[in-house]
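Spelled out, the chains give:
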Amino acid sequence: MKFNLIDKVESITDERIVAVQYVSLAEEYLADHFPTFPVLPGVMMLEAVTQAAAWLMHHRSGFAKSFAVLKEAKNVKYGSFVAPGNFLRVEVEWNKQTDAGASFKASGVVNDKQALQARIELAYFNLADKMPELA
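All chains use their own residue numbering, which begins from 1 and follows the written sequence. In view of the model being predicted, local features appear only for residues whose pLDDT reaches at least 70, and side-chain atom pairs are presented and counted only at 80 or more, with totals across whole chains, interfaces and linings using the full set of residues. Side-chain metrics rest on all non-hydrogen atoms present in the structure, leaving aside hydrogens and water.

Chemist: Please set out the packing of aromatic side chains residue by residue, giving values where relevant.
Modeler: Pairing of aromatic rings covers Phe, Tyr and the six-membered ring of Trp, with a centre-to-centre limit of 6.5 Å; geometry is then stacked below 30 degrees between planes, edge-to-face above 60, and tilted otherwise. In total, this model carries six aromatic pairs according to the counting rule given. A ring pair is formed by tryptophan 55 and phenylalanine 63, whose centres lie 6.1 Å apart and whose planes are at 80 degrees; its orientation type is edge-to-face. The buried label applies to any residue whose accessible area, calculated with a 1.4 Å probe on protein chains only, is under 20% of its type's maximum; exposed applies above 50%, and partly exposed to all values in between. A relative accessible area of 41% means that tryptophan 55 is categorised as partly exposed. Overall, phenylalanine 63 belongs to the exposed group, its relative accessible area being 52%. Aromatic side chains tryptophan 94 and phenylalanine 104 sit 5.4 Å apart centroid to centroid with 90 degrees between the ring planes, which places their arrangement in the edge-to-face category. Taken together, the residues tryptophan 94 in strand S4 (residues 87-97) and phenylalanine 104 in strand S5 (residues 101-110) connect sequence positions ten residues apart. Every helix listed is a DSSP run of H or I at least four residues long, and every strand listed is a run of E at least two residues long, numbered separately from the N terminus.

Below, the structure written as structure tokens:
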């Protein structure tokens, strides 16, 4: 199942994207995380910054390739919880081009408190280049 975790792009340039993910109690993954204290799972926060970074890659390249996927996450640090009714504001900055795609510095803030900080690398490719038999 695919989750679209970017609800709004506040700003985007070739170097940086600022986006928002609104967290609602209606999200199905909150039913189990945690039943008496629902909060946005850390892996979903990481996915939100990954999706924002993918938008930044597409913006920079004019959607030149079809896939942007997380290749590596480093120095991931979690802080404040993101509870339903709040929103996660993510900021992703372009760091550098890599052989596979690009690397980024990412952070997420909730209620002016750090919720996530990470360095991520995305691979950027066309599926037909990886698997020509599917073209």
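Structure shown, so let's carry the discussion forward.
Chemist: Would you mind going over the side chain of histidine 58 in detail, with residue names and values included?
Modeler: Within the secondary structure layout, histidine 58 lies in helix H1 (residues 42-61). Looking at histidine 58, the relative accessible area reads 11%, which means it is buried. One polar contact links histidine 58 to tyrosine 124, side chain to side chain, over a distance of 2.9 Å. Contact definition: two residues touch when any of their heavy atoms are within 4.5 Å. If we skip the residues at most four places from it in the chain, histidine 58 touches Phe63, Lys65, Ser66, Ala68 and Tyr124. Each polar contact in these results corresponds to two N or O atoms within 3.5 Å; when the atoms are within protein, one needs to be able to donate a hydrogen and the other to accept it, and residues that are neighboring in sequence are counted only if both atoms are side-chain atoms.

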